[in-house]
Every structure is written in C-alpha cells, then in structure tokens.
Amino acid sequence: MQSLNVLTASAMQQFRTSIGRPMFRFCVLVQPIIFGLLLGMMYLEKSDMDFTLYAVFGSGLSTFWASICFSSASDIHRERWYGTLETIYAAPAGFKWIVLGKIIGNSIWGFLSICISFSVVTLVFQKQIVISNYLWLGIGLILMTLSLIAIGYLFAALFTLSRNARVLMNFMEYPVYILCGILFPIEQLPELLRYLAYGFSPTWAVKIIRYAVWGGTWNEVSPYIGGLMILTLGYLLISVIMFERIDAKCRVDATLEVY
Amino acid sequence: MLSNTYPVISVKDLKRTYSAKIGVMNQKKKSVEALKGISFDIYPGEIFGLLGPNGAGKTTTIKILTTLLAPTSGEAKVFGYEAFGEEKFIRHRINFIFGGERSLYWRLSGEDNLKFFADIYKIPRSKQNELLDCLFDEVGLTDVRKHKVETYSKGMKQRLQIARALLNEPEVIFLDEPSLGLDPVAARALKKMVRQIADQGKTVLLTTHYMQEAEELCDRIAIINDGEVVALDTIAGLKTIAQNESNNDANLSLEDIYVHFIEGRAICKV
C-alpha cells in the first residue's frame, strides 16, 4: 500500500510541477496544436486513412515523444539543479519507485497531448477520421503509452548516471520522428534504416495504429503487438538493471550533484 | 559524558578523491583529494560542528555520511552501519539540509512539498495531517502553508527545509551551512530551532562559516582544512590548545581560534 502511495504521490507531484513550467506547457498544450495544424495541412489532400494516421495520430505521437524527451528524461537533470535529486535519492521509499511515479505523472500529460491534437485536427480540417478497428487502436495506444513510460524510465536511469546525458535527449528527438513512421511510412526509408527503426518501440506502436486505421486481422497485428511488448519489457529490464547499478555507481562517480 | 557511550557516527581515516576531465579536445583526467584521511566520532545528543574554509571537505564528509557519496577508502559509519553498503539501515533514521534555497519544489505549495516528502519517507497518510499541522506550527509557516514555495523568503524556505528534515523524526540531522544567506533575525530563529532539535535528544552535525553560530550551538568542534582535521575538541579545549600554542593568554574568540588553526600554525593532525 505504501509503495502505491509513493507512486501516486510522485506522479501527482510531477503532474503539478511539470505543468508549472512554461516549456512543458508549450510541449504538451501548444505543440500538439502546431503539429496537428502542420501535419493536417500536409496530409489534407491525401486519403482519409493517411490523414487519420499521420495528421491525427502522428501529431499526437510526436508531441507525446517530445514530452518524454523534454520531461521524463530531463527531469532528473532538473532535479539535480533544484537540489532535490539527493533528497529523493536518499528517501527510504526507493529512488526507482519515485522516478517511475514521476514518469507516470508526465506520461499522463503526454497522453493528453494526443487528445489535444486529435481534437484540433478533427475540428479544424473537418476530414473524416477513419478507425476500422477500435480494439487495435486501444491496444496500440495503451501499449505505446506503457512503452514510452519504459523509455522515459530508461532515459532517467542514464541521466542519473551521467550529467552529460542531456546531449542524448536532444539527439533522440528527431531520429524517432524520422525512423519510426510517425510522420511518414518507414517504407520510404532506405532498407538499412528500416531495420534500425524496429529497435525503437514507437515503430511497432505506429504499425498497430496503422492496422487500427486500415483494418487488419489478429494474425496480421499480433506480431506487432508481440514485438512491442517484448521491446517494452526489454527496456524495462534494462532500466531495472541500471537502477540496481546506479545505487553504487552514482555515489562513486558523484553524479547526484550539479558539479 | 561521552567516553562510555557508543558513537552514533564514527569516521576513521576517511578519504575521498574526485576525478574530473579537463579540456575539450585533449581531455586530461585530474584527481582532487577532497578528504585525506579524517577521523572523528560523534555521540548521541551532541551538536557537533565541522568548521573550515570553502573546499576544506566539510560537504564531502556530510555527503558520505548521508549515504549520497561513496568514500574512496576508510570508514564512515552511522548507527554502526557503513554509510556505503548498508545505507538501507541508515536512511530512514537520518535527514539532512543543505544550505541555500534548494531541495524544495518551488512550484508547489509548502504543504504539497511536505506531503510529497512524507509519502516518500513512508509516513502513513493517516498520520500525515496531524504531523504536518505540528511541523508547520513549529517552524512558524502555518499561515503560508498553502502558498507556493517560490513566494517564500529565503528564511521561510529554510524553515520549510527544517520541517521537511523533521518529517521522519530522524535521530541524526545533518545541517550543511543552514544559515547561508539568512538575515540576522532569520539566522537567530534558525539557531533556536537547531537548539530545540538537540533538546529533543537528536544528534546534529552542523557545518557553518558563522563562528558565533558555532560557538552558541556546538558541544564539540572539528576544524577541517584541506581535507584534514587540524583540531577537534570542545570550544574550551580548542581555546586552551590555541592559547598554549600561541603563548597568548588573552581571551580568544572562536574566530581567533579558527584563524589560529587554519592559518596560524603548521597543520598538526589529530
């Protein structure tokens, strides 16, 4: 029960703190509108299905990803500057649980950004939104959210270990837009890059959502559901191992402090 | 009073070296020895002062003892447990405040801050309301408990930090320059609170640059310079040593004693 209290307290604390930051507000409230309008214009002349997939869900997923990069990952860096990293690190509740709660808190806002872009694009462009299979859509969105939480968790572990991981955060934002089929089909990429794309879970989530829009049988969708679950579990496993090692390593390397 | 009691904190030949990379293209590794083998014991109920110039190793010592930093070698024990390796037996029994206005979430209210810290210190929610009422009252922030921390003055933030540090009813509190930047009134209020904490039987390890504060509060003082303890005794004991060494019978203030040990004599390890 107390572990659940820790998770909810940490999620609520992050939920409130994050939205207090102007940059985060821009990321989850304004950026979905801009991305939605931009992608809506780009896909306006395309089929309703392409419009739904890239303008509606693509804009939402890209802002969700941006919020993961600029919140879940960089929050560790921010806590370090606030001087709260040491306080939460030494708390008896356990650092890994507190960080997980924070990432869940941020992801709630990230999910909201999908809803914002969905609403904006639907209202502004008045195009028909095509969803052929709501079950695949539900599964895709839920698994994608869990997967992005896992990625945020992995990033948080890296940020605790290294004060220079901020570079990684900036480096990761655009490659995911390009590689994962969020803004255009990955089939347009060179073959080698397509293999690389399958190392990122958003690629698999986009595939599931694609089947939700275009329609598809269980046999067609299940490999992507399985792949996304395996990748998410892989991210989680690596995160847990890293958090176990962090406990000693960040104290040896003195990375909890600003300097 | 101390010799027949087990120390609550025990530090023996503690060393800590930091490594840093210098340069951009041709990076070179540089090592800085922050602690060069310090030793001291702190006993239950003591207010123990750690004085020294900037960069002397005070904060490094506190960070090791609060389980936030690993020692390079030597022993750092709290309640008989190693601060590095047995921290799970220590963390719920201690708390700490580092100087300045950090370690709080400024965009949250004082109350939301304490509620969050109470949860991560595993204080049952059924007890939290009463505890928070009591702590806000104790630090004099009841009227502003629902205000955002960013609207607090420096002194108010420091008092909120004290409330945070008392949430888990710690047996030992580490205060690293708690009065840094406070005005005289706020500093006096802080001293009163530290005294009250000690009166409750808690052990306090205090670092400060303010000699008057150390003189008023500390039972014993260790003076640390360049990573080494250069003197350790009660204020009266330090005074006697300084008087004998300088052949000066004048009534020395703690500042005189401090300057004597930092500048006025060759380092003699204790």
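Residues numbered from 1 in each chain as written. Chains lettered and ligands numbered in written order. Predicted model: local features only at pLDDT ≥ 70, side-chain atom pairs only at ≥ 80, totals over all residues. Heavy atoms only, no water.

Which parts of the structure should I look at to understand the overall build of chain A?
When its secondary structure is counted, chain A shows 10 helices and zero strands. Reading chain A from its N end, one meets helices and strands in the order α-α-α-α-α-α-α-α-α-α. Against the compact-globule benchmark of 18 Å for 259 residues, chain A has a radius of gyration of 19 Å, which places it among compact chains. Structurally, chain A occupies a C-alpha span of about 55 × 40 × 35 Å along its principal axes. Residues counted as buried form 59% of the 259 residues belonging to chain A. Intrachain contacts of chain A at a sequence separation of at least 6 include 78% that bridge at least 24 residues. Surface summary for chain A: the accessible area is close to 10700 Å², and the carbon and sulfur share equals 72%. Each charge class in chain A can be summarised by its mean position, and for the 17 positive and 14 negative side chains these summaries are 5 Å apart. (Helix = DSSP H or I, 4+ residues; strand = E, 2+ residues; numbered from the N terminus. Rg over C-alpha atoms; globule rule 2.2 N^0.38 Å. Buried < 20%, exposed > 50% of the residue type's maximum accessible area, 1.4 Å probe, protein only. Contact = heavy atoms within 4.5 Å. Areas by Shrake-Rupley, 256 points an atom, 1.4 Å probe, with all protein chains shown as cover. Lys, Arg positive; Asp, Glu negative; His and termini not counted. Charge placed at Lys NZ, Arg CZ, Asp CG, Glu CD.)

Which parts of the structure should I look at to understand the interface of chain B and chain A?
Interface size is commonly expressed as the accessible surface area that is lost when the partners come together. With 32 residues of chain B in contact, the opposing surface of chain A contributes 37 residues. At the boundary of chain B with chain A, total buried surface from both sides reaches about 3000 Å², with 58% on carbon and sulfur atoms. Linking chain B with chain A are four salt bridges. Note that Asp 112 of chain B is salt-bridged to Arg 16 of chain A, the shortest N-O span being 3.3 Å. Of all the elements in the fold, those that place two or more residues in the side of chain B that touches chain A are strand E1 (9-22), strand E6 (94-98) and helix H2 (110-120) of chain B. With five residues, the top contributor of residues to the side of chain B that touches chain A is H2 of chain B. Residue composition of the side of chain B that touches chain A, by class: 17 nonpolar, four polar and 11 charged. (Buried area = accessible area lost by both parts, 1.4 Å probe. Salt bridge = Lys/Arg side-chain N within 4 Å of Asp/Glu carboxyl O. Nonpolar A, V, L, I, M, F, W, Y, C, P; charged D, E, K, R; others polar.)

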